[in-house]
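# Fold and geometry: a report
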Amino acid sequence: MNKIKFIANPDTNFIFHMFSVAKCGYDNAYGRCYRDKYPEHDLILFQKNELLFTVCGGEHCGELYNLMVTEPARAKMKAKDYYANLIQIADRGEVPESFKKYTDIVCELSAVMIKHYDYYISDIWPAEKKKIEAYIPTVLRLFEETNFTDRAEKFVGCNLLSEYFIATLVTSVENGAEAIDIDKEQDVFGIVRDPLDAFYFIGHEFIIYLLFNALKEEDAFQNYNHWHLTEGLAEYYLKKVNGDTRFFNSQQKYVEFYEKCAEGEISAAQLYRKALRLF
């Protein structure tokens, strides 16, 4: 049974749309297409605080990234309501201590997000939704026809921690961070890759989510120090499932190492520990 679901969510798309338009973490044709529809001073607010709101996999996570991007991108409520709640919390003086020094910028940015939400939903989202819905079937078919998720679970030796891995697709993240884990079962991906490349890229991230389980007793997901070993391990298993790899070329030396170590029955955790000792 395929355990990957693809969704097109307006609120998730709105959030990354605004950051792309502001050239905050993303610089691409999508952002340039819509940028002149927004007041320059609103976009400058994003740009002045870019490091607080952006992420670079395995290297950097802005102090406000979870609060201002990840949490609302989960779309548990409308983004407009989420940002309104942040302002209300600040007005009541209930801001957590760790965010108090950022209260003004959180409120200012939230106000900008609220101001532009309705326009995005009515005038931009319908066309972007069609793009995503046209993209999904071919990629989904590749996972279904290859029985990818069942085979990946078998090779890694454990099951997904949730019922499904949810790939939330957005149209605005070219040339920037993606494969962004916004929840325990949900990642954000763009749609600019051809379907076969998307199959490999999303497949890699599905295996990362399997490793959340397989390496739960290790330090793999506690910090960025050994992230390269974890990425390499995901590529090793992806190669076992698909027969080859397409991305993460810098991790191939770790793939080769894991292949040399993997004689007989050996778990993902054991492979990871062997890599820790050598690298």
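Preceding block: the structure.
Our subject in this report is the structure included herewith. (Residues numbered from 1 in each chain as written. Predicted model: local features only at pLDDT ≥ 70, side-chain atom pairs only at ≥ 80, totals over all residues. Heavy atoms only, no water.)

### Topic: the sheet that holds strand 6 (residues 186–189)
Pairing is mixed in the open sheet, where four strands are placed in the order 1-4-6-5. Either end of the sheet is taken by a strand with one partner, and the two such strands are strand 1 (4–7) and strand 5 (180–183). Recorded for the sheet is a direction-independent mean angle of 30° between the axes of neighbouring strands. Here three bridges tie strand 5 to strand 6, and the two strands are oriented antiparallel to one another. Of the residues in strand 6, the one forming a bridge with Asp 183 is Gln 186. Helix 9 (residues 195–214) rests against strand 1, strand 4 (165–169), strand 5 and strand 6 of the sheet, and its axis sits at about 155° to strand 6. (Pairing = 2+ DSSP bridges. Helix = DSSP H or I, 4+ residues; strand = E, 2+ residues; numbered from the N terminus. Axes fitted to C-alpha atoms, helices over the stretch in contact; angles between N-to-C directions. Contact = heavy atoms within 4.5 Å.)

### What to know about empty space enclosed by the protein
Applying the stated criterion across every chain, the model contains one cavity of 30 Å³ or more. If you add up the space inside the largest cavity, you get close to 30 Å³. If you tally residues by element for the lining of the largest cavity, the top one is helix 9, at three residues. The class makeup of the residues in the lining of the largest cavity is five nonpolar, one polar and two charged. (1 Å grid on protein atoms, 1.4 Å probe; cavity = no way out; pocket = protein on both sides within 12 Å on 5 of 7 lines; lining within 4 Å. Points joined across faces, edges and corners; volume = space filled by probe spheres on them. Nonpolar A, V, L, I, M, F, W, Y, C, P; charged D, E, K, R; others polar.)

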